[in-house]
Amino acid sequence: MSEIVSRIRAEGTEEEITIDRHRVECDDGYPGYCKVVNGAPFRGEIVGFQPLHDYGYRLRVERFDMFPDGLTGSPRVPAYGYRWLETLERSASD
């Protein structure tokens, strides 16, 4: 292969995050389970990321505001979200 077929470029703030292989109760007063992102429960999706069960990940993502221009929304929706850019590492369950 000699050319790049597809590439995602960040338009906002790029970050590295870790995602634990387990989910936890969100502990925000609403039912459901959350991903553990950087050691804390995160209610939200990582756009474009399709994880396998029982694996932990280290990702490069773009962080974006869910409610731009000072708007607010439902407490069930996080203030920010992530868009997947690259999987840096995947670790299997113990």
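Keep in mind that this is a model prediction, so the values were computed, not measured.

How would you explain the packing of aromatic side chains if you had to name every residue and give the values?
Throughout the structure, instances matching the rule amount to four aromatic pairs. Judged by centre distance (5.3 Å) and plane angle (50°), the ring pair of F42 and Y82 falls under tilted. Separated by 40 residues along the polypeptide, F42 in strand 3 (residues 40–42) and Y82 in strand 6 (residues 80–92) bring together distant segments of the chain. Between F49 and Y57, the ring centres sit 4.9 Å apart and the planes meet at 85°, which makes this aromatic pair edge-to-face. On the basis of relative accessible area, F49 is assigned to the buried category, the value being 9%. The class of Y57 is buried, set by a relative accessible area of 8%. Linked through ring pairs, F42, Y80 and Y82 together constitute an aromatic cluster. Sitting above the plane of the Y80 ring, R63 keeps its charged end 3.5 Å from the centroid.

Explain the sheet that holds strand 6 to me, and be specific about the residues and the numbers.
Strand order in the open sheet made by the six strands is 3-2-1-5-6-4, with mixed pairing throughout. At either end of the open sheet lies a strand with only one pairing partner, and these are strand 3 and strand 4 (46–47). Here two bridges tie strand 4 to strand 6, and the two strands are oriented parallel to one another. Residue pairing across strands places I46 opposite Y82, the latter belonging to strand 6.

Each value, and the rule that gives it
- Residues numbered from 1 in each chain as written.
- Predicted model: local features only at pLDDT ≥ 70, side-chain atom pairs only at ≥ 80, totals over all residues.
- Heavy atoms only, no water.
- Phe/Tyr/Trp six-rings, centres within 6.5 Å; stacked < 30°, edge-to-face > 60°.
- Helix = DSSP H or I, 4+ residues; strand = E, 2+ residues; numbered from the N terminus.
- Buried < 20%, exposed > 50% of the residue type's maximum accessible area, 1.4 Å probe, protein only.
- Lys NZ or Arg CZ within 6 Å of the ring centre and 35° of its normal.
- Pairing = 2+ DSSP bridges.

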